[in-house]
Amino acid sequence: MSTNVMGIFEFEDEFIGALRRLKESGFDELTAMSPIPLHEADHILGFGKSPVRRFTLAGTIIGAAGGFAMAVATALTFILPTSGRPIITIPPYLIISYEMTILFGVLFTLLGFHVVSGLPAWRDRIYLPASNVDRFTLVVECVEGDNSKLAENIILESGAEEVSRVEGDR
Amino acid sequence: MADYIEPTYAEVNQDILRAMMETGPKYWATLGASITVAGVCFFIPWFYQLEVGVGASGMNRSAVWGTYLSNFIFWIGLSHSGTLLSAVLHITNSSWRKAIYRSAEAMTLFSLITAALFVMVHLGRVWFVHWTVPIPNQMDLWPNFRSPLMFDVMAITTYLTASSIFIYMGSVPDFAAVRDASNGLRRKLYTIFSFGWRGTAKEWHTLGWAYTFFAVLVIPLAVSVHSIVSWDFALSLVPGLHHTVFAPYFVTGAIFSGTAGIVTVMFLLRKYMNFERYIREIHLVNLGKLLVLLSLIWTYINIMEVFTTWFSGSSYELEALEWRLTGFYAPMYWEMILFCAVVPMLILFKRIRTSWKSMLTISILINIGMISERFIIVATSQPRKFLPNAFGFYFPSAIEISITIGSFAVFTTLFLIFVKWVPAVSLYEVKETLKPLRRSR
């Protein structure tokens, strides 16, 4: 059965230090909460390039193709001859395509954010409101019994204000 | 600013959330006045016009475009303040942006809504507005995508959607802070708004990537929106409008007007929401420098517009230019030059650019100049095209003047509602600009 160990830090450098030591000690199930984005935490936890970018790319391609196709399909549905100009006029349709590229790029990026981050998540999860104000919080999932003692020690030695065992979804 | 004491993280939360959650009688009085003016000056005249027809405006056979469209350009222009500036400063990693961008983005959103309202007002039969949207309907009618007006519909819809998402996503961590600081119905609402945000490393990482993509997508979008608005005019053959310089002219004017708008809003937020610790002299000075640069570009384009018209040798263009520079609306033209080309140069003086009151005055004068610019473009071109038998005259009716005044109240109302629903200064981004919380400093 797993146990969650939670450590609360006042200082960012101590929090990062604890995160690094836990990772080096083989703890992989880590949740780090902070009031601001910390790029060092991203590196320690192994977050590289986000998959969000694939959603953006897919959105822009679909938008570009869809926008152009919509304009062409409209022109072919209602043939509207204007002087000797072609029915399918490329320059104005590129503008429609351009706008749709951006629209779908934005919408797919939004979708990507939700898919990758796992939000919305309105269920009860371990959370300390102070970590959205001025505290840095670490939650470690320890699978083995004596593992949790090791995690507690690392967190305390790193300078945590408080260490506790908590129940709930990480 | 030797006496400046940096706030702590907790104070940032307290100050900004207090400004949002505690509402005094002054706020309610201002909101009430704003709603009243919006109702009396904007909506009642608009409903009257819907009843009697567009003839209630001063538009006529030779001047089929009037104040409604010039106001539309003005509000679209003002919308370029926030999202574009915020996005550019985000990807260039300019930290001074962080205290001001939220309100600037809100300006974008509400300016766009006000601009869209002017399209409805101008449209006359507003109940047919859905005909401009490419949705299947019982008549199998689809819009003509070769028309610049359809470019406009696509561009503005995209801009409104992208700006809304941009401001919303940037606010999610702050919605979580509101959730944590409140209870009852407000807590329930902000739990939904914040998507259950906890500030985990994964959430920050994903938001950072998504936000950067939003910024990268929004910049070319904003440039395209005002270029497309300019093509509504420039793609016609009307002398005074058929100019290739119109797209950069409109985009520059838009950013210029929007930046001045930010200065005005910053002054009001600082004074009335007690954000002195967050909106500081550095913001004023940097925005001032930007205004000088934009004013110089705008002036250059104006000179080029006159030069190329003269150089073309076209009698129609020269007639339109002469009417603009010396005709009935010439005082307005020269007022525009004074307010947008001359007055901003005062910002070069340090005493001016570090004074909130002086900068407020200059920012308001710039936007008066920009309203005039848009009015002149519309009012001096169509009534003066080609042969004298097509000449006419346009002067706005009382209805149009009233709706113009009312639009400012519509914008103010929306903004006042916004500052009570969304933290007007970004909590987490302000914290990023403070000294890091490190034991080993």
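Note that the structure is predicted; figures quoted are calculated from it, not measured.

Enquirer: I keep staring at the overall build of chain B and nothing clicks. Help me out?
Expert: Scanning chain B for helices and strands turns up 16 helices and zero strands. Computed over C-alpha atoms, the radius of gyration of chain B comes to 23 Å, within 12% of the 22 Å expected from 2.2 N^0.38 for 441 residues, which places it in the range of a compact globule. Taking the principal axes of its C-alpha atoms as reference, chain B extends roughly 80 × 60 × 40 Å. In chain B, which comprises 441 residues, the proportion classed as buried is 49%. The contacts of chain B with a sequence gap of at least 6 include a subset with a gap of at least 24, amounting to 82%.

Enquirer: Mind showing me how you'd approach the domain arrangement of chain A here?
Expert: The figure often quoted for interface size is the accessible area lost as the parts come together. Domain parsing of chain A yields domain 1 (3-49 + 123-166) and domain 2 (52-117). Between the C-alpha centres of domain 1 of chain A and domain 2 of chain A the distance comes to 45 Å.

Enquirer: Mind showing me how you'd approach helix α1 (residues 12-24) of chain A here?
Expert: A turn of α-helix holds 3.6 residues, and therefore any two residues three or four places apart point the same way. Residue and element names in this part refer to chain A. Between its first and last C-alpha, α1 extends 18 Å over 13 residues, near the 18 Å set by a 1.5 Å rise per residue. Looking at α1, one finds that the buried residues are E14, F15, I16, G17, A18, L19 and L22. Following α1 by one or two positions, G26 has its phi on the positive side, about 95°.

Enquirer: When you look at the interface of chain B and chain A in this model, what are you seeing that I'm missing?
Expert: Counting residues at the interface gives 53 residues for chain B and 56 residues for chain A. Residues that form the side of chain B that touches chain A fall into these classes: 30 nonpolar, 14 polar and nine charged.

Enquirer: What is the right way to look at the nonpolar core in this model?
Expert: Within soluble globular proteins, side chains that are nonpolar generally end up buried alongside one another. A18, L19 and L138 of chain A together with F214, V218 and V225 of chain B are the most contacted members of the largest nonpolar core, which has 172 residues in total. Here this core takes 19 residues from helix α8 (residues 201-234) of chain B, the largest share from any one element. Each of domain 1 (3-49 + 123-166) and domain 2 (52-117) of chain A contributes no fewer than three residues to this core.

Enquirer: What am I meant to see in the pairing of strand β3 (residues 136-142) of chain A here?
Expert: Look at any regular strand and the pattern is simple: side chains alternate between the two faces of the sheet. All names here are of chain A. For β3, the tally of buried residues reaches five of seven residues, placing the bulk of the element in the interior. Examined bridge by bridge, strand β1 (residues 3-9) and β3 share seven bridges and lie antiparallel to one another. Note that in β3 the partner of I8 across the bridge is T137. With four bridges joining them, strand β2 (residues 30-33) and β3 adopt antiparallel strand pairing. The partner of T31 across the bridge, within β3, is V139.

Enquirer: In this structure, what is going on with the packing of helix α4 (residues 82-91) of chain B against α8 of chain B? I would like to understand it.
Expert: How two helices pack is summed up by the angle between their axes together with the distance between the axes. All names here are of chain B. As a packed pair, α4 and α8 sit with axes 9 Å apart at the nearest point and diverge in direction by 130°. One finds that α4 runs oblique with respect to α8. In this structure, α4 crosses over α8, and the sense of that crossing is left-handed. Note on element contacts: α8 touches α4 through T212, A215, V216, V218, I219 and A222, opposite T83, L84, A87, V88, H90 and I91. Considered class by class, the residues forming the contact of α4 with α8 number nine nonpolar, three polar and no charged.

Enquirer: So what exactly am I meant to see when it comes to unusual backbone geometry here?
Expert: Note: most peptide bonds trans; most residues except glycine with negative phi. Of the consecutive residues L119 of chain A and P120 of chain A, the connecting peptide bond is found in the cis state with omega at 0°. Locating P120 of chain A in the fold gives a position in the loop between α4 (90-117) and β3. One non-glycine residue, S83 of chain A, lies in positive phi territory at about 50°. Summarising the element assignment, S83 of chain A is placed in the loop between α3 (52-77) and α4. Residue S83 of chain A is classed as exposed on the basis of its C-beta count, with 4 C-beta atoms lying within 10 Å. Not every positive phi belongs to a glycine, and N274 of chain B is a case in point at roughly 55°. Structurally, N274 of chain B is set in the loop between α9 (246-272) and α10 (281-312).

Enquirer: Before we go on, may I ask you to explain the sheet that holds β2 of chain A in this structure?
Expert: The pairing of strands in a sheet comes from backbone hydrogen bonds and takes either a parallel or an antiparallel form. Residues and elements named next belong to chain A. The four strands lie next to each other as β2-β3-β1-β4, forming an open sheet whose pairing is antiparallel. In the strand order of this sheet, the two ends are held by β2 and β4 (162-166), each with one partner. Averaged over all neighbouring strand pairs, the angle between strand axes comes to 20°, with direction disregarded. Here β1 pairs with β4 via five bridges, running antiparallel. Among the inter-strand pairings, N4 is bridged to a residue of β4, identified as V166.

Enquirer: Teacher, can you tell me more about the environment of E322 of chain B here?
Expert: Residues and elements named next belong to chain B. For E322, the location among the structural elements is in helix α11 (residues 315-326). Residue class for E322 comes out partly exposed when judged on the 13 C-beta atoms lying within 10 Å of it. C-alpha separation for the pair E322 and V306, spaced 16 residues apart in sequence, amounts to 9.9 Å.

Enquirer: Whenever I open this one, the confidence of the model for chain A confuses me. Can you help?
Expert: Low-pLDDT portions of the prediction should not be read for the details of their coordinates. Residues with a pLDDT of 70 or more make up 98% of chain A, whose mean pLDDT is 90. Predicted confidence in chain A is weakest over helix α5 (residues 145-157) of chain A, with a mean pLDDT of 84, and strongest over α4 of chain A, with 95.

The rules behind the values
- Residues numbered from 1 in each chain as written.
- Chains lettered and ligands numbered in written order.
- Predicted model: local features only at pLDDT ≥ 70, side-chain atom pairs only at ≥ 80, totals over all residues.
- Helix = DSSP H or I, 4+ residues; strand = E, 2+ residues; numbered from the N terminus.
- Rg over C-alpha atoms; globule rule 2.2 N^0.38 Å.
- Buried ≥ 20, exposed ≤ 12 C-beta atoms within 10 Å, placed from the backbone.
- Contact = placed C-beta atoms within 7 Å.
- Domains from an automatic or database assignment.
- Expected span 1.5 Å × (residues − 1).
- Nonpolar A, V, L, I, M, F, W, Y, C, P; charged D, E, K, R; others polar.
- Core = buried A, V, L, I, M, F, W, Y, C linked by C-beta atoms within 7 Å.
- Pairing = 2+ DSSP bridges.
- Axes fitted to C-alpha atoms, helices over the stretch in contact; angles between N-to-C directions.
- Parallel < 35°, antiparallel > 145°, perpendicular 65-115°, else oblique.
- Left-handed = near helix turned anticlockwise from the far one by under 90°.
- pLDDT = per-residue confidence, 0-100.

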